[in-house]
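Reading the structure
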Amino acid sequence: YSKATAKSSRKRKRRQQEAATGVGDTNSKRRSKAGGGTSAGKSRQNAIKTAVIAMDCEMVGVGKNGKRSMLARCSIVNFRGEVLYDKYVEPMERVTDYRTEVSGITPELLAGPDAVSFRQCQKEVASLLERRV
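Everything quoted here is computed from the prediction, not taken from an experiment. (Residues numbered from 1 in each chain as written. Predicted model: local features only at pLDDT ≥ 70, side-chain atom pairs only at ≥ 80, totals over all residues. Heavy atoms only, no water.)

Looking at unusual backbone geometry
Positioned with a positive phi, arginine 99 is a non-glycine residue whose angle comes to about 50 degrees. Mapped onto the elements of the fold, arginine 99 is located in the loop between strand E4 (95-97) and helix H2 (100-103). On the accessibility criterion, arginine 99 (18% relative accessible area) is buried. Phi at arginine 131 takes a positive value of approximately 60 degrees, unusual for a residue other than glycine. By secondary structure assignment, the location of arginine 131 is in the segment after helix H4 (118-129). (Helix = DSSP H or I, 4+ residues; strand = E, 2+ residues; numbered from the N terminus. Buried < 20%, exposed > 50% of the residue type's maximum accessible area, 1.4 Å probe, protein only.)

This is the structure in structure tokens:
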């Protein structure tokens, strides 16, 4: 088992890992220029949908004293941190606690033209999550 064989084996494993996660793709036309500070309400069509993605949700309080949580914003990024999805979600119940100090959510954001219904968000997110980790 030579050093050259070991090096070749490591390269092959790295290529397989890159293919599985989408890392290492050099196709610059498909790379996203999305960075930090993105505005909600927009999905990034030019971001690559890698096999590994991450989702974060912001919640608001509903019901008595805002004790129950309800989705107010959903964000999804790919393995590289490029934004795939970032939208505000219209509440299905009356919001009693916006939790603005933690969530950054305000009544204006949820009532804005970029907010989508919960059902629409659910369908769009399900589509993005399909066959991904």
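Re the nonpolar core
Listed in full, the 12 residues of the largest apolar core are Ala47, Ile53, Leu71, Cys74, Ile76, Leu84, Tyr85, Val89, Val116, Cys121, Val125 and Leu128. Counting only elements with at least two residues in this core, the list comes to strand E2 (68-78), strand E3 (83-88) and H4. Membership of the second largest hydrophobic core comes to 9 residues, among which are Val62, Val95, Ile105 and Leu110. (Core = buried A, V, L, I, M, F, W, Y, C linked by side-chain atoms within 4.5 Å.)

These results come straight from atomic positions and should not be treated as a statement about function.
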